[in-house]
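Structural overview for review
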Amino acid sequence: MADKALEGVRILDMTHVQSGPSCTQILGFLGADVIKLEPPGRGDITRGQLRDMPDVDSLYFTMLNCNKRSITLNLKSEQGKTIFTEVLKTSDVVVENFGPGVLARLGFPWETIQAINPRAIYASIKGFGSYGPKKDFKAYEPIAQAMGGSMSTTGLADGPPLCTGLAGRRFGLRHSHGGGHSGGADSVLNLVRVKMRDHQRLQRGPLPEYPIEHFDDAVPRSGNASGGGHPGTALRCKPGGPNDYIYVVFQPQIWDALLRTMGREDLIDDERFATPAARLQRLDEVYALVESWTLKYTKFEVMEHLNAINVPCGPVLDSADLFEDDHLRARDMIVEVPHPQRGSFKTVGSPLKLSDSAVDITSSPLLGEHTAEVLEQVMGYGTDEVDKLRQDGVI
Ligand SMILES: CC(C)(COP(=O)(O)OP(=O)(O)OC[C@H]1O[C@@H](n2cnc3c(N)ncnc32)[C@H](O)[C@@H]1OP(=O)(O)O)[C@@H](O)C(=O)NCCC(=O)NCCSC(=O)C(=O)O
C-alpha cells in the first residue's frame, strides 16, 4: 500500500500567484509528484514579490509552493512546446490558472491537451470560468470578492465595503475537487450563500439579527453579527487591545449557565432576557451585559470560563497568537520548514488530515531546481541535450 494518498500521481502544475499554487500544494501534501512548470528567468512572479530578503525567494512564494519540483520551460519556443507535450503525456493531472486565452495562444487549448493525453484530468482556474459573458476577464482575489458578493456584505453598516483576509485560498480551494473549468467569483458566491438566503428573507421583512434598523433593497454589511440561526458577536476583553475580543454565539441553552458564571443569577427570571425571542429584541443590551463581564478577563480567560459551561466561543487570534497557538502547533498547522536560501521559514500546514497519509512538508523548490532531474529521469534526455536546451534558452 502506498504511504501517501496520492503517491504515484503526477501533477503538471502550471499555476502561479496564489489560487492555483495553493491547490497544487495540497496535492503535494497528499503525496503527489507535483512538477511546477515556470518560465525561465523570472519563474512564478511571486518569487520576487514582497521580498523580505534580497535575492531570495519571497515568503509569498515559499509558503504556497512546498512539496513541489520546479522545472523551467519556455512555452513560446518550438522545443519548449515539444518538451511540454512529452511532460503532458506522463502526467495524470494538469492544473493551470493562466489568464483567459493564454493556453490557446500558446497552441494548447483544452481540446489539444485532451488529444495529447486523453486520461489526464484538467483543472482550470479563471476569474469567471470558461463560459459566460465575463469569461475573458482577468482576476485577482479582491476582484472575485467584489463580484462574488463578499465585499458588499463585509464591514460595518456605515462604512465602505471590505475585503476579507482570506486571500487565494478562498479563490482556489473550491476548484481543487476534480476536473473542470470554474471561476473564482463562483467560489466566492458559493461561500456567501447565507447572504443570498438573507436577501430573499429581506423581501418578507427586516432581519432582526442584523445590527441595523433600516434596510434597503440589498443585504447590508453585517458587522460581526452571526450568519447562523443563533445571535452572536465579538465582545471586548481585557486589556482592551485591537484584538482583545472574543466571539460568542448565544445558543438558547447556555443563557442560565452564563448568567450564573457571570454572577448574575438575579437575571435568570428577568422577562426582558428570559427567552431567545425576548433577547433577540434587545441584543444590544444582552451584548453590553455580557461584555461588562468579559472586560474583566483576557480573551483566553473568557474562553476557559465559557468552555467550562459549553458556550461556543472563540478568542480573536492575531497573527502573533496564531504562530504561538498550542492547538495549531499540536496539529502541525504551524510548521517550520528548512530552506536552502532562507535557513528555514514558518508556514501553514495541511488543512486536510487523512488518517493513513502523513504529511511531511518539504521546502519550496528553487527556480528550475529539478529541470535536469525531470528531463533526464522522467523523460530520458541525456546530460548533453539538457545543457544544449539551457544554452538555447528553452529551459
Ligand atoms: C492572475 C492573472 C491576472 C495574471 O496575469 P498575467 O501576469 O498577465 O499572467 P498570464 O497568466 O495572463 O500570462 C502572461 C504571459 O506569460 C506567458 N507565460 C506564462 N508561462 C510561460 C512559460 N512557461 N513560457 C512562456 N511564456 C509563459 C503567457 O503565455 C502570457 O503571455 P501572452 O499570451 O503573450 O499574454 C491571470 O493569470 C489570471 O487572470 N489568471 C486566472 C485567475 C487567477 O487565478 N487569478 C489569481 C487569483 S488569486 C491570487 O492569486 C491573487 O489575488 O493574488
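Let me begin by describing the structure that accompanies this report. Computed from a predicted structure; not experimentally measured.

**Quick word on the layout of surface pockets**
- Of the voids in this model, the largest pocket is the one considered here, and its volume is about 970 Å³.
- Residue lining of the largest pocket: 38 residues in total, with His-16, Val-17, Asn-97, Phe-98 and Gly-99 positioned closest to the centre.
- Residue assignment for the lining of the largest pocket shows that the elements contributing at least two residues are β2 (33-38), α4 (102-105), β5 (121-126) and α6 (141-147).

**Some details on the pairing of strand β10 (residues 334-339)**
- Two elements, β10 and strand β11 (residues 343-348), share six bridges in a ladder whose sense is antiparallel. Bridge assignment links Glu-336 to a residue of β11, and that residue is Lys-346.
- Where β10 hands over to β11, the hairpin turn is made up of three residues, counted between the paired strands.

**What to know about the site of the ligand**
- Taken together, 26 residues are adjacent to the ligand, and Gln-18, Gly-99, Lys-138, Ala-139 and Glu-141 come closest.
- In the environment of the ligand, a nitrogen atom lies 2.9 Å from a nitrogen or oxygen atom belonging to the backbone of Leu-73.
- In isolation the ligand offers 1000 Å² of accessible surface; the protein chains occlude 82% of this area.
- Of all the secondary structure elements, the ones that give two or more residues to the shell around the ligand are β2, α4 and β5.
- Tallied by class, residues from the shell around the ligand come to 13 nonpolar, seven polar and six charged.

**Overview of unusual backbone geometry**
- Note that the residue after Lys-238, namely Pro-239, is joined by a cis bond; omega there is 0°.
- Residue Asp-55 is not a glycine yet carries a positive backbone phi of 60°.
- Mapped onto the elements of the fold, Asp-55 is located in the loop between β2 and α2 (59-62).
- Accessibility expressed as a relative area gives 66% for Asp-55, which makes it exposed.
- If you check the backbone angles, Asn-310 has positive phi at about 65° while not being a glycine.

**Comments concerning the packing of aromatic side chains**
- This model, assessed by the stated rule, comprises seven aromatic pairs.
- Pairing Phe-84 with Phe-108 gives two aromatic rings, centres 4.5 Å apart and planes at 70°, and the pair type is edge-to-face. Taken as a pair, Phe-84 in helix α3 (residues 78-89) and Phe-108 in the loop between α4 and α5 (110-116) lie far apart in primary sequence, 24 residues in all. Neither residue differs from the other here; Phe-84 and Phe-108 are each classed as buried.
- Aromatic pair Trp-255 and Phe-273: ring centres 6.2 Å apart, planes at 45°, arrangement tilted. Of this pair, Trp-255 sits in helix α11 (residues 255-261) while Phe-273 is found in the loop between α11 and α12 (276-281), placing the two residues 18 residues apart along the sequence. Each member of the pair, Trp-255 together with Phe-273, is buried.

**Thoughts on a nonpolar patch on the surface**
- A cluster of nonpolar side chains, Tyr-140, Ile-143 and Met-147, forms an exposed patch at the surface whose accessible area comes to about 300 Å².
- Relative to the assigned elements, Ile-143 resides in helix α6.
- Taking relative accessible area as the criterion, Ile-143 reaches 34% and is therefore assigned partly exposed.

Rules used in this analysis
Residues numbered from 1 in each chain as written. Predicted model: local features only at pLDDT ≥ 70, side-chain atom pairs only at ≥ 80, totals over all residues. Heavy atoms only, no water. 1 Å grid on protein atoms, 1.4 Å probe; cavity = no way out; pocket = protein on both sides within 12 Å on 5 of 7 lines; lining within 4 Å. Points joined across faces, edges and corners; volume = space filled by probe spheres on them. Helix = DSSP H or I, 4+ residues; strand = E, 2+ residues; numbered from the N terminus. Pairing = 2+ DSSP bridges. Near = heavy atom within 4 Å. Polar contact = N/O pair within 3.5 Å; in protein donor to acceptor, adjacent residues only side chain to side chain. Areas by Shrake-Rupley, 256 points an atom, 1.4 Å probe, with all protein chains shown as cover. Nonpolar A, V, L, I, M, F, W, Y, C, P; charged D, E, K, R; others polar. Buried < 20%, exposed > 50% of the residue type's maximum accessible area, 1.4 Å probe, protein only. Phe/Tyr/Trp six-rings, centres within 6.5 Å; stacked < 30°, edge-to-face > 60°. Patch = residues over 30% accessible without salt bridge, like charges linked within 9 Å, V, L, I, M, F, W, Y side chains within 5 Å. Salt bridge = Lys/Arg side-chain N within 4 Å of Asp/Glu carboxyl O.

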